Amino acid sequence: MLPRRLVAAAGQATLPEFDLDAALARQPALILVDELAHSNVAGSRHPKRWQDVEELLAAGIDVWTTLNVQHLESLNDVVGGITGIRVQETLPDTFFDRADEVVLVDVPAEELIARLKAGKVYAEGQAERAAVNFFRRGNLMALRELALRRTADRVEDDVQAYRVDRAIGRVWKTESAVLCCIGPSDGGEHIVRSAALLAQQLAVSWHAVYVETPALQRLPNERRERILRAVKLAEELGATTAVLPSASVAAAVVAHARQHNLSKIVMGHNQASLWRPAGTLAQQLGRLAPDVDLIEIGTPARSRRVRPPSAGRSAERSGRLRPAGYVVAVGACALVTALAWPLEAVLDLPNIVMLFLLAVLGVALSYGRGPAALASVLNVAAFDYFFVPPRLSFSVSDIQYVLTFGVMLAVGLIVGQLTAGLRFQARIASHRERRSHSLFEVARDLSSVLATEQVVEAAEEAVAREFHARAHIFVLDADDRLRSIATPPEGEGLDAGTARWAFDHAQAAGLGTDTLPGSAWLYLPLKAPMRARGVLALQPEEPRLLLVPEQRRQLETFAALTAIALERVHYVDVAQTATVQIESERLRNSLLAALSHDLRTPLAGLVGLAESLRFTRPALSGEQQEIAQELQVEALRMSTQVNNLLDMARIESGEVRLRREWHSVEEMVGSAVRVTARVLAPRPVTTDLPADLPLVECDAVLVERVFVNLLENAAKYTPPTAGVRISARAEPGTMRITVADTGAGIRAGQEAAIFEKFTRGARESAVAGVGLGLAICKAIVEAHGGTIAVENVEGGGAAFTFSLPLGTAPTLDAAGGEAPATIAMDAATAVGA
């Protein structure tokens, strides 16, 4: 058991708390820390116990700890809605997720209630209140379910990490996760809603994918936008979405399911067709992944209708037709025929066939499947008409040429198909490479800038270049207001109010969102690790491109890089400011120390001369005696202020080293009262010092200085009729000493600021001093490992309380020894002073 330390918070009793320094000093291999979400007593190093644990982990100490499910930050609102009680002590989920292992201690509600009644959890009175309020049976059942689900989520993450680490390809049905397949049919949104409903009923996560094949790449914009709307709907309903470029829909879907361990695939119902020799999508998935459950969704009644062959299909046909490619196909056929005709005597017919196939390959590589198919047909016809006997006729003298024509046509179509697929894959790879290169350039540019203006300029240029949009960045100023560094782009629609809403709610707003979707601008909050740093606004030339998940993720990545750069620049400024302040403070301390040291000698002489003046011969008159005495008082006051300046400079420079020895509190108090007797007069001083106070290991000279400064402070800020009371109490591990007066007290809100350097009281214009006395007290007490605070006393006045740590005092040896001799020497020194 590690002994706890006592922490005294302002206005509160001393409370036991986890001793972090003792744990770090012992450096155990393993430490058990209870109540991870516990809030530490005010005055501790960290406000939360989980931050203590974080420091232990950073020191290489393993930690076992406990946590109740209601203390997780992500479940705070859920628990409050169930129990009607808002839990105040919470733990960030990010810290919980860092745990190497999570063990669930599952207790049925009835058993926990029985433990409460038996007094095994709380004391008797507290247990009764808990059973009536928070720990009711229904609440406990709900909390138990939350704990089971949260632990299951954690275990699922561990399983997924294990599968990735071991490269396990098959699906493990540990969770009934759902994969929704979005296709080009009209019922895409219906399938998405059905998959979302199924995932909700199963209480599992779900994914939604759209596989873009070369054929689907050539769909008209209207149908592509409908598909992207379905993808966006899935994302809004909570799915993890992706657009997968692939030549095979079934292979891409199975690969995604295996990669993310998705055990159920939801798709639309497909009709079997003679034009699909490989079978429907469900049949292909069944062959590729027999261990995955397949769920087909029927088409809703309102969608089963025959579309008129007018506008829609004519638009599709016009979308597919690319006249330039087909003209090139005809031209390529004519060119090859013209080149091969004069070489017919030199080249054999198989070589001429190779020339025609080469032409098909070139057309397919440049213009795709349609022109390549036309080139294959034209090449077969040209070869038959111009080169196969009888020439200039489509007649065939040898039946074997029919097989040649068939093979030539088949090879041409297959080569065209494969070449077009490779062209599509090359285009997709080129897009990916371009996106990766853009991210690299943005990260490189943003990492090299050192000013906010440079970050904004680089980010706006990158976003405008990559997304073909007008971009503008609002950044956060020192007053937490959004401001524009660069001049906003011309045109209407850019709204600072919408940007502020996106910043406050940490959500996107504007174009393509549920908040002000009619806006021409999209507003993205720039979320950095510590906090949001601004808002990115952009107006794209083609808004539909932002519906593509890859484009949206690219944009969000740009925003994240910009936010991180802004936060880095912010902390660079903070570090530079702190460095300047530290250097300024060091120079000021050096100057004060030099001035104070140079002034001490003449001031000591001035005090001595003023005192000697009073005893000169012949004797001074009464008026001259008063002048000499006043001169001595002012010289002493100035000497005290100079000593304060010098001591403060020495303490902050680290030159003061404590000479810890065992001393009596009564002797230090008595010495301080004698030193300040003239200043305190005529105020009465009373003491409450029990006879059994233990000795304190401290630097007696410095602690006496604390008493002197507190007593002088009471003399400065209280009327002559006020009283001063000094009391001390020994508590476990701590000596608490209080110096109280019956004056006007401390202004509200000044309890902490009054201990800062050069801070004065309310009536500073009428009181001499520079405001260093209490700052010196705080520095001395904290150097001893104690604390100091002030509070107003009922009935008037202020009470300054400081604590000093207690140790094990040396025992007195009746026969003599080192300890009694040391104590006697200290006492003699104090009495002599």
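Nothing here was measured: the structure is a model prediction, and the numbers come from that model.

Calculation rules
- Residues numbered from 1 in each chain as written.
- Predicted model: local features only at pLDDT ≥ 70, side-chain atom pairs only at ≥ 80, totals over all residues.
- Heavy atoms only, no water.
- Buried < 20%, exposed > 50% of the residue type's maximum accessible area, 1.4 Å probe, protein only.
- Helix = DSSP H or I, 4+ residues; strand = E, 2+ residues; numbered from the N terminus.
- Arc of directions from axis to C-beta.
- Core = buried A, V, L, I, M, F, W, Y, C linked by side-chain atoms within 4.5 Å.
- Contact = heavy atoms within 4.5 Å.
- Phe/Tyr/Trp six-rings, centres within 6.5 Å; stacked < 30°, edge-to-face > 60°.
- Polar contact = N/O pair within 3.5 Å; in protein donor to acceptor, adjacent residues only side chain to side chain.

Observations regarding helix H3 (residues 76–83)
Thinking step 1. Within H3, burial applies to Asn 76, Val 79, Gly 80 and Thr 83. Along the axis of H3, the buried residues cluster in a sector spanning 100°; they form a single face. Among the exposed residues of H3, those oriented more than 90 degrees off its buried face are Asp 77 and Gly 81.
Thinking step 2. Phi turns positive, to about 80°, at Gly 84, one or two residues after H3.

Here's the deal with the nonpolar core
Thinking step 1. Ranked by size, the top nonpolar core spans 39 residues in total, and within it Val 665, Phe 707, Leu 710, Phe 800 and Phe 802 carry the most contacts.
Thinking step 2. For this core, the secondary structure elements donating two or more residues are helix H22 (665–675), strand S17 (696–698), helix H24 (700–717), strand S18 (724–731), strand S19 (734–741), helix H25 (773–783), strand S20 (788–792) and strand S21 (798–805).
Thinking step 3. Top contributing element to this core by residue count: H24, with 10 residues.
Thinking step 4. The residues touching Leu 710, leaving out its near neighbours within four places in the chain, are Val 739, Leu 774, Cys 777, Phe 800 and Phe 802.
Thinking step 5. Counting 31 residues, the second-largest nonpolar core is a separate cluster that includes Ile 61, Leu 72, Ala 109 and Leu 143.

A few points about the packing of aromatic side chains
Thinking step 1. Applying the stated criterion to the full structure yields 7 aromatic pairs.
Thinking step 2. Seen in terms of ring centroids, Trp 341 and Phe 386 are 6.0 Å apart; in terms of plane orientation they differ by 80°. Their pairing is edge-to-face. Highlighted residues: Trp 341 in the loop between helix H14 (323–340) and helix H15 (349–367) and Phe 386 in helix H16 (residues 369–386), separated in sequence by 45 residues.
Thinking step 3. Looking at Trp 341, the relative accessible area reads 42%, which means it is partly exposed.
Thinking step 4. A centroid spacing of 5.5 Å and a plane angle of 80° characterise the contact between Phe 467 and Phe 558, whose relative ring orientation is edge-to-face. Placement of the pair is Phe 467 in helix H18 (residues 452–467) and Phe 558 in helix H20 (residues 549–613), with a sequence separation of 91 residues. The residues Phe 467 and Phe 558 share a single accessibility class, namely buried.

Digging into the side chain of Arg 226
Thinking step 1. Structurally, the position occupied by Arg 226 is in helix H10 (residues 221–236).
Thinking step 2. Judged by relative accessible area, which is 19%, Arg 226 ranks as buried.
Thinking step 3. Of the polar contacts made by the side chain of Arg 226, one reaches the side chain of Asp 186; its length is 3.2 Å.
Thinking step 4. Every residue in contact with Arg 226, bar those within four places of it in the chain, is listed here: Pro 184, Ser 185 and Asp 186.

Function-wise, these values are silent; they only describe arrangement.
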